[in-house]
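# Summary of the model geometry
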Amino acid sequence: MGFELNLEAKAEATDDLPNADDVLADHGEITIGDLFSSEFVTEYTDFETFDEMVEASPSDASSAEGLSLIPDGTWDDFVAENTVFADEEAMVLAARDYWVAEQLGL
């Protein structure tokens, strides 16, 4: 299980990409739930939902809204142990790319 998504290559291979402004205009603010969809979480972590992942972390957090309760180093270690990602930054960037690919139909 690994994360590989080359958005640039996929975009170049597609003839009819929607305009990025149009895609973003349909969404307004992108929530954590949007970014960490159940499809993304199921495919790249040991969990089915992001809230389930947060609740299983070694903290008092029970949902995505409680992420601030998790110390950075602790969360990075948890992400490394329970996902295909080395740390939180890698997971967030991958989730962003995954979300963009879904919105663009790639």
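First things first, this report covers the structure right here in the doc. (Residues numbered from 1 in each chain as written. Predicted model: local features only at pLDDT ≥ 70, side-chain atom pairs only at ≥ 80, totals over all residues. Heavy atoms only, no water.)

### Topic: the nonpolar core
One finds Phe36, Phe40, Phe50, Met53, Trp75, Phe85 and Met91 to be the most contacted residues of the largest nonpolar core, which totals 21 residues. Per-element accounting of this core gives the leading share, 5 residues, to helix H7 (residues 88-104). Look past the residues within four positions of Phe36 in its chain and what remains in contact with it is Val41, Phe50, Met91, Val92 and Ala95. (Core = buried A, V, L, I, M, F, W, Y, C linked by side-chain atoms within 4.5 Å. Buried < 20%, exposed > 50% of the residue type's maximum accessible area, 1.4 Å probe, protein only. Helix = DSSP H or I, 4+ residues; strand = E, 2+ residues; numbered from the N terminus. Contact = heavy atoms within 4.5 Å.)

### With respect to helix H6 (residues 72-82)
Note that an α-helix has 3.6 residues per turn; residues three or four places apart therefore point the same way. For H6, the set of buried residues is Trp75, Phe78, Val79 and Asn82. Across the axial projection of H6, the buried residues extend over an arc of 100 degrees, all falling on one side. Packing partners of the buried residues in H6 comprise helix H5 (50-56) and H7. (Arc of directions from axis to C-beta.)

### Focus: the side chain of Ser57
Tracing the sequence through the fold places Ser57 in the loop between H5 and H6. The class of Ser57 is buried, set by a relative accessible area of 5%.

### Re the packing of aromatic side chains
Following the criterion strictly, the structure yields 10 aromatic pairs and no others. With centroids separated by 4.3 Å and ring planes inclined at 10 degrees, the aromatic side chains of Phe36 and Phe50 adopt a geometry described as stacked. Taken together, the residues span a long stretch of sequence, with Phe36 in the loop between helix H3 (32-35) and helix H4 (38-44) and Phe50 in helix H5 at a distance of 14 residues. Assigned by exposure class, Phe36 and Phe50 land together as buried. Considering the side-chain rings of Trp75 and Phe78, the 5.6 Å spacing of their centres and the 25 degrees angle between planes classify their relative orientation as stacked. With a gap of 3 residues between them, Trp75 and Phe78 both fall in helix H6, about one helical turn apart. An identical accessibility class is assigned to Trp75 and Phe78; each is buried. (Phe/Tyr/Trp six-rings, centres within 6.5 Å; stacked < 30°, edge-to-face > 60°.)

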